[in-house]
Amino acid sequence: MAMKLCSLVGTCRRFQPHILMVLAQIVYSFLYFITEASFDHGMNPHVYITYRHTLAGIMMLPFA
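Predicted, not measured: the structure shown is a model, and the values here were computed from it.

Undergrad: When you look at the overall build of the chain in this model, what are you seeing that I'm missing?
TA: Looking only at helices and strands, the chain features 3 helices and 0 strands. Helices and strands in the chain line up, N terminus first, as α-α-α. Relative to the globule expectation of 11 Å for 64 residues, the C-alpha radius of gyration of the chain, 18 Å, shows a markedly less compact shape. Structurally, the chain occupies a C-alpha span of about 55 × 30 × 15 Å along its principal axes. When the 64 residues of the chain are sorted by exposure, 5% land in the buried category. Carbon and sulfur atoms provide 74% of the accessible area of the chain, an area that totals close to 6100 Å².

Undergrad: Explanation requested: the layout of surface pockets in the structure shown.
TA: A water-sized probe rolled over the atoms picks out the places where empty space is left. Of the volumes computed, that of the largest pocket is approximately 280 Å³. Ranked by the residues each element gives to the lining of the largest pocket, the list is headed by helix 3 (residues 45-60), at 8 residues.

Undergrad: Sorry, what's going on with the packing of aromatic side chains here?
TA: The description of two aromatic rings rests on the distance between their centres and on the angle between their planes. Taken as a whole and judged by the stated rule, the model has 2 aromatic pairs. Look at Phe 39 and Tyr 48: their rings are 5.4 Å apart centre to centre, the planes differ by 70°, and that puts the pair in the edge-to-face class. Its relative accessible area of 10% is what places Tyr 48 among the buried residues.

Rules and cut-offs
Residues numbered from 1 in each chain as written. Predicted model: local features only at pLDDT ≥ 70, side-chain atom pairs only at ≥ 80, totals over all residues. Heavy atoms only, no water. Helix = DSSP H or I, 4+ residues; strand = E, 2+ residues; numbered from the N terminus. Rg over C-alpha atoms; globule rule 2.2 N^0.38 Å. Buried < 20%, exposed > 50% of the residue type's maximum accessible area, 1.4 Å probe, protein only. Areas by Shrake-Rupley, 256 points an atom, 1.4 Å probe, with all protein chains shown as cover. 1 Å grid on protein atoms, 1.4 Å probe; cavity = no way out; pocket = protein on both sides within 12 Å on 5 of 7 lines; lining within 4 Å. Points joined across faces, edges and corners; volume = space filled by probe spheres on them. Phe/Tyr/Trp six-rings, centres within 6.5 Å; stacked < 30°, edge-to-face > 60°.

What follows is the structure in structure tokens.
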């Protein structure tokens, strides 16, 4: 059991950049659908960008 766990951890570390890149692409796709939906419902692009930057700043604040 310990050998399988060690092998799994090694595999995860080996493919970590690839996994993170796939995760980033999924997040960008989700963001695209949210953007399209909000523009289709009449949101002003300037307001949307302001909200997006404000939310990003709040989310990055603990890491600064």
